[in-house]
Amino acid sequence: MTPRAETAAPPVRDVRRFGTVQRWVHRTTAALMGVCVLTAAVLYIPQLAVLVGRRELVVRVHECAGLALPVPVLLGLASRALRTDLRFLNRFGPHDKVWLRAALRRDRRPAARPAGKFNAGQKVYAAWIAGAAVVMLGTGLMMWFTHLTPLRWRTGATFVHDWLALTIGVVLAGHIGMALGDPEARRGLRTGMVSRTWADHEHPLWKP
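As the structure is a computational prediction, the values presented were derived from the model and not from experiment.

Colleague: It is not clear to me how the environment of tryptophan 99 should be interpreted in this structure. Could you clarify?
Modeller: Among the structural elements, tryptophan 99 can be located in helix H6 (residues 94–104). Using a relative accessible area of 11% as the deciding quantity, one classes tryptophan 99 as buried. On a C-alpha basis, the gap between tryptophan 99 and alanine 112 in space is 6.6 Å, while along the polypeptide they are 13 residues apart. Among residues more than four places away in sequence, those in contact with tryptophan 99 are Ala112, Arg113, Pro114, Ala115, Asn119, Ala120 and Gly121.

Put into structure tokens, the structure is as follows:
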């Protein structure tokens, strides 16, 4: 005897979190950032430099990936959906302060961490990595085109570039680690869809 339809568990509904353009921009930017980090590691770690060799080629790949890093976002600005997401990332509200205080206290209760489409941690990370990318591009250009700036400027640019690169590596490692711990968030970036349950739990103020 088949069970009645009323007793069957309702299917878990999915909601759209990201469109094609947002996912394309994220993947392309992540790939270019990965190339920058890997080639930087080869250039600055002697053991990797000896293992890989062909330093001149590695330098050229690093420079080209760095110059191309802003391109996906600039092209994606033609999309209204991406521009809307960037506005969400750029706006902090009272609930974001509540989220940050809860994060500092390590309070993981959903009620203590109100968030819209993006939580306060994601907003801080997006702002920091965008600023860091601009600084890395500027200092990299100073190091590349040596005839444009005096020696003391290039020396300072090299110092900032090297230490900021190390900081970016650490921050990216933390970002990847958090992503690995949230399969549903990764599914949202991979397919564009997330479950309604996850959305209500992690981003209760977001109304898809």
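Colleague: Is there a simple way to explain the confidence of the model for the protein in this structure?
Modeller: The predicted coordinates of low-pLDDT regions are not to be read in fine detail. For the protein, mean pLDDT is 89; residues scoring 70 or higher make up 94% of the total. pLDDT under 50 marks residues 5–10. Its contacts with residues more than four places away, or in other chains, come to zero contacts.

Colleague: In this structure, what is going on with the pattern of salt bridges? I would like to understand it.
Modeller: Where charged atoms of side chains with opposite charge meet at close range, the side chains can pair. Enumeration over the complete set of coordinates arrives at eight salt bridges. Here aspartate 107 and arginine 105 are joined by a salt bridge, their closest N and O atoms 3.9 Å apart. Exposure remark for aspartate 107: the relative accessible area of 13% places this residue in the buried category. When its relative accessible area of 54% is taken as the criterion, arginine 105 is described as exposed. Where salt bridges share partners, they join Asp14, Glu184 and Arg187 into one cluster.

Colleague: Just to check I follow, could you spell out helix H1 (residues 20–44) for this structure?
Modeller: Turn by turn, an α-helix covers 3.6 residues, leaving residues three or four places apart pointing in a common direction. Taking 1.5 Å as the rise per residue, H1 with 25 residues should run 36 Å; its terminal C-alpha atoms sit 36 Å apart, in good agreement. Considered for burial, the residues of H1 that qualify are Gln22, Arg23, Val25, Leu32, Met33, Cys36, Thr39, Ala40, Val42 and Leu43.

Colleague: Is there a simple way to think about unusual backbone geometry in this case?
Modeller: The phi angle of most residues is negative, glycine excepted, and most peptide bonds adopt the trans form. A positive phi angle is found at arginine 54, which is not glycine, with a value near 50°. Here arginine 54 shows up in the loop between helix H2 (46–52) and helix H3 (55–68). One non-glycine residue, arginine 106, adopts positive backbone phi at about 60°. Its location among the elements puts arginine 106 in the loop between H6 and helix H7 (120–144). On the basis of relative accessible area, arginine 106 is assigned to the exposed category, the value being 68%.

Thresholds applied
- Residues numbered from 1 in each chain as written.
- Predicted model: local features only at pLDDT ≥ 70, side-chain atom pairs only at ≥ 80, totals over all residues.
- Heavy atoms only, no water.
- Helix = DSSP H or I, 4+ residues; strand = E, 2+ residues; numbered from the N terminus.
- Buried < 20%, exposed > 50% of the residue type's maximum accessible area, 1.4 Å probe, protein only.
- Contact = heavy atoms within 4.5 Å.
- pLDDT = per-residue confidence, 0-100.
- Salt bridge = Lys/Arg side-chain N within 4 Å of Asp/Glu carboxyl O.
- Expected span 1.5 Å × (residues − 1).

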